[in-house]
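Here's the letter readout for the chains.
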Amino acid sequence: MSFDVSVSDLYKFISIAIYAVVLIVIGVLASRRMKDLRDYYAGGKSLGFWSVAFSSRATGESAWLLIGLTGFGATYGLKGLWIVLGELLGVGIAWLFMAKRFKKLTDRYDSVTVPDYLESRFRDSGQWLRLIAAGALVIFVPIYVSAQIHASGQAFHDFLGMNYYIGALLGFAVVLAYITQGGFIAVVWSDVFQGLLMVAGLVSLPIVGIAAMGGPSGVLDSLEASYPGLLTLHGGEGWTTRNIISIIGACAIGLGFLGSPQVFVRFISLRSETEISKGAAVALIWTLLADGGAVCVGLVGRALLTGDIGSNGEAVLPLMVDDLMHPLLAGVYIAIVLAATMSTIDSLLVVASSAAARDYYQKHKHPELSDASLLSLSRKLTVVLAFVSLAIAMGVALVNHQQGVFWYIIFGWSGIAATFCPVIILSLYWSR
């Protein structure tokens, strides 16, 4: 079915506008719930398992899931399942073996941020550990956030043909509008909404694609005829030493969940340890459906579109949506990509602003500063860090406008994970 271009774009913009309005309303409602600094940084430590599980998963995935992993599935096929396995292992270990210990200790120390916890756990009276942790967050978070801004600009360009820079600025403006008002509570509430969109979109799109090809046999026949290697767990590259190392690396992506501050601050926000086992079940089911669905989108898209994708696997999602969906639903998928982006941007900015404002400015430089004054400073620093991230994203785009989302985001993710995960693991399982 064909649609007039202007009408088609209008439908898409209507969906995006509704999505943006919902986020801003969430920010306004959350601001009414926010009474003090504990609310802004950790939701008052009063959140339930459902919201925390969705928030941790939406934050942990980002646009890497919607653009990067779907593209990986289109390029390497079933080899992408190794990434799914790694994600399940990482999420499962974090929730089932680390969260309860971490929650118990952060409650004992009355920690509000991860640097708070580290300083108390290691009895660092000189505050060097707090300063190193805060500094690492202020450095790595803008890089990671810039990757998300880049992905939002790429989404607007791929779905709507919009200028990349205008698209990046639009996505940036929406997230800034609600995060500065509601803080952590707005982040979590928006993550629940956005997490639902993400998993629904990734599960439904391959089903629609399979139906369009006459069932699973149509997909398999197309892949066996043109891309038989995609139906193997080695991605058609054989079980060579180099490929086995790359598979191990794919599984290791999940290690980033074992201590990353943007994920572990959600355990701080839980109302009690009893919420953890239920939250683990929700988080694991979400991961299986969303990550598995992303790989399936890539495979089905490759079978459906054959030569249209070419070497750019990351174009598979927008091309499938444009081919299969009414423009109004296509707009929803643009919103889903933005949801993946923004659910990570907002979480990271709150973590970074807490590091700069509380862990450095208040705790180290001005211990006499009141929480009320710090709340105002935190909002200002959130804006400053957001604009630093925007500047990095624009700089990268000027150098390489076609920078791939998958590896750009992995770079920022790895910086945060490599800094914090070993320390968090040792803090929970090593007595010294």
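Every chain's residues receive numbers from 1 upward, in the order its sequence appears when written. Whole-chain, interface and lining totals are the exception, using all residues; otherwise, since this is a predicted model, local features are given only for residues with pLDDT of at least 70 and side-chain atom pairs are given and counted only at 80 or more. The basis for every side-chain value is the complete set of heavy atoms in the structure, and neither hydrogens nor water enter the calculation.

**So, the overall build of the protein chain**
Every helix listed is a DSSP run of H or I at least four residues long, and every strand listed is a run of E at least two residues long, numbered separately from the N terminus. Scanning the protein chain from terminus to terminus reveals 16 helices and zero strands. Compactness check: the protein chain gives a C-alpha radius of gyration of 21 Å against a globular reference of 22 Å for 432 residues, within 12% of the reference. Dimensions of the protein chain, computed from C-alpha atoms along their principal axes, come out at roughly 70 × 50 × 40 Å. Accessible area is worked out with a 1.4 Å probe on protein chains only. A residue is then buried under 20% of its type maximum, exposed over 50%, and partly exposed in between. Within the protein chain, buried positions represent 57% of all 432 residues. We call two residues in contact whenever any of their non-hydrogen atoms come within 4.5 Å of each other. Put simply, of all contacts in the protein chain between residues at least 6 apart along the chain, 84% involve residues at least 24 apart. Surface accessibility follows the Shrake-Rupley procedure with a 1.4 Å probe radius. Residue values consider only the protein chains on display as shielding. For the protein chain, the exposed area adds up to about 16600 Å²; of that, 67% sits on carbon and sulfur atoms. His is not counted, nor are the chain ends, whereas Lys and Arg count as positive and Asp and Glu as negative. By convention, charge coordinates are those of NZ in Lys, CZ in Arg, CG in Asp, or CD in Glu. Counting 27 positive and 27 negative side-chain charges, the protein chain places the centres of these two groups 13 Å from one another. Two things to know: the radius of gyration comes from C-alpha atoms, and the globule rule equals 2.2 Å times the number of residues to the power 0.38.

**What about the environment of Gly60?**
Looking at the element boundaries, Gly60 is found in helix H3 (residues 49-61). The exposure class assigned to Gly60 is buried, which follows from its relative accessible area of 6%. Along the sequence, Gly60 and Thr344 sit 284 residues apart, while their C-alpha atoms lie 6.9 Å from each other. Once you skip the residues sitting within four places of it in the chain, Gly60 turns out to touch Tyr144, Phe257 and Trp413.

**Regarding helix H12 (residues 276-305)**
The end-to-end C-alpha distance of H12 is 42 Å, a good match for the 44 Å that 30 residues give at a rise of 1.5 Å each. Of all the 30 residues making up H12, 21 are buried; the element is thus mostly covered by neighbouring parts of the structure. Just downstream of H12, Thr306 is the residue with a positive phi angle, here 40 degrees. Multiplying one less than the number of residues by 1.5 Å gives the expected span of a helix.

**Quick word on a positive patch on the surface**
A contiguous patch of positive charge on the surface is contributed by Lys100, Arg101, Lys104 and Arg108. One can find Arg101 in helix H5 (residues 81-109). Patch construction takes residues with relative accessible area above 30% that form no salt bridge. Like charges are linked within 9 Å, and nonpolar side chains (Val, Leu, Ile, Met, Phe, Trp, Tyr) are linked within 5 Å. The salt bridge criterion pairs a side-chain nitrogen of Lys or Arg with a carboxyl oxygen of Asp or Glu, the two atoms within 4 Å.

**Description of a nonpolar patch on the surface**
A cluster of nonpolar side chains, contributed by Leu85, Leu89, Ile93, Leu96, Phe97, Ile425 and Tyr429, occupies part of the molecular surface with about 640 Å² of accessible area. Elements that contribute at least two residues to the nonpolar patch include exactly H5 and helix H16 (405-429).

**Digging into helix H9 (residues 216-226)**
Buried residues of H9: Gly218, Val219, Ser222 and Leu223, and no others. Along the long axis of H9, the arc covered by the buried residues comes to 125 degrees, so they all point the same way. With respect to the buried face of H9, the exposed residues turned more than 90 degrees away are Pro216 and Ala225. By construction, the arc corresponds to the directions joining the helix axis to the C-beta atoms.

**Let's talk about the pattern of salt bridges**
Evaluated as defined, the whole model comprises twelve salt bridges. Asp322 serves as the salt-bridge partner of Lys12, at 4.0 Å between the closest nitrogen and oxygen. Highlighted residues: Lys12 in helix H1 (residues 5-33) and Asp322 in helix H13 (residues 316-324), separated in sequence by 310 residues. For Lys12, a relative accessible area of 6% puts it in the buried group. Across the salt bridge formed by Arg57 and Glu61, the nearest N and O atoms sit 2.2 Å from each other. With Arg57 and Glu61 both in helix H3 and four residues apart, the pair spans about one turn of that helix. Several salt bridges share partner residues, and in doing so they unite Lys45, Lys103, Asp107 and Asp110 into one network.

**Things to note about the nonpolar core**
The definition of a nonpolar core used throughout is a set of buried Ala, Val, Leu, Ile, Met, Phe, Trp, Tyr and Cys residues joined through side-chain atoms within 4.5 Å. Core analysis: the largest hydrophobic core is formed by 122 residues, its most contacted members being Leu65 and Leu317. When residues of this core are assigned to their parent elements, the largest contribution, 17 residues, is made by helix H14 (residues 327-365). Residues within four places of Leu317 in sequence aside, it is in contact with Leu66, Ile67, Thr70, Phe159, Leu205, Val297, Tyr333 and Val337.

**Examining the packing of H3 against H12**
An axis is simply a line fitted to the C-alpha atoms; with a helix, the fit covers only the stretch in contact. Between two such axes, the angle follows the N-to-C directions and lies from 0 to 180 degrees. In contact at an axis separation of 8 Å, H3 and H12 are set at 40 degrees when each is read in the N-to-C sense. Handedness of the crossing formed by H3 with H12: right-handed. The residues of H12 that touch H3, namely those facing Phe49, Trp50, Ala53, Phe54, Arg57 and Glu61, are Lys278, Gly279, Val282, Ala283, Trp286, Thr287 and Asp291. Ten residues, namely Ala, Val, Leu, Ile, Met, Phe, Trp, Tyr, Cys and Pro, are considered nonpolar, four, namely Asp, Glu, Lys and Arg, are considered charged, and the remaining ones, Gly among them, are considered polar. Residue composition of the contact of H3 with H12, grouped by class: seven nonpolar, two polar and four charged. By convention, the crossing between two helices is left-handed when the near helix turns anticlockwise from the far helix through less than a right angle, and right-handed when the turn is clockwise.

**Regarding unusual backbone geometry**
With a phi close to 55 degrees, Asp110 is a non-glycine residue in the positive phi region. Along the polypeptide, Asp110 turns up in the loop between H5 and helix H6 (114-121). You can call Asp110 partly exposed: its relative accessible area is 43%.

**Overview of the packing of aromatic side chains**
Think of it this way: a Phe, Tyr or Trp ring, Trp meaning its six-membered ring, pairs with another when their centres are within 6.5 Å, and the plane angle makes it stacked under 30 degrees, edge-to-face over 60, tilted otherwise. The full count for this structure, using the stated rule, is nine aromatic pairs. With a centroid separation of 5.0 Å and 80 degrees between ring planes, the pair formed by Phe102 and Phe264 is classed as edge-to-face. Of this pair, Phe102 sits in helix H5 while Phe264 sits in helix H11 (residues 261-269), and the two are 162 residues apart along the sequence. With a centroid separation of 6.4 Å and an interplanar angle of 40 degrees, the aromatic rings of Tyr109 and Tyr117 are classed as tilted. By relative accessible area, which is 28% here, Tyr109 ends up partly exposed. Members of the aromatic cluster, connected to one another through ring pairs, are Trp95, Phe102, Tyr109, Tyr117, Phe264 and Phe267. Counted as over-ring charges are cases with an Arg CZ or a Lys NZ within 6 Å of the ring centre that also lie within 35 degrees of the ring normal. Directly above the aromatic system of Tyr76 lies the positively charged group of Lys79, at a separation of 5.2 Å from the ring centroid. Directly above the aromatic system of Tyr227 lies the positively charged group of Arg302, at a separation of 5.1 Å from the ring centroid.

**Let's talk about the state of the cysteines**
Sulfur atoms of two cysteines make up a disulfide when they are within 2.5 Å. A full pass over the atoms with the stated rule returns zero disulfides. There is no disulfide at Cys421, and the cysteine sulfur nearest it, in Cys251, is 16 Å away.

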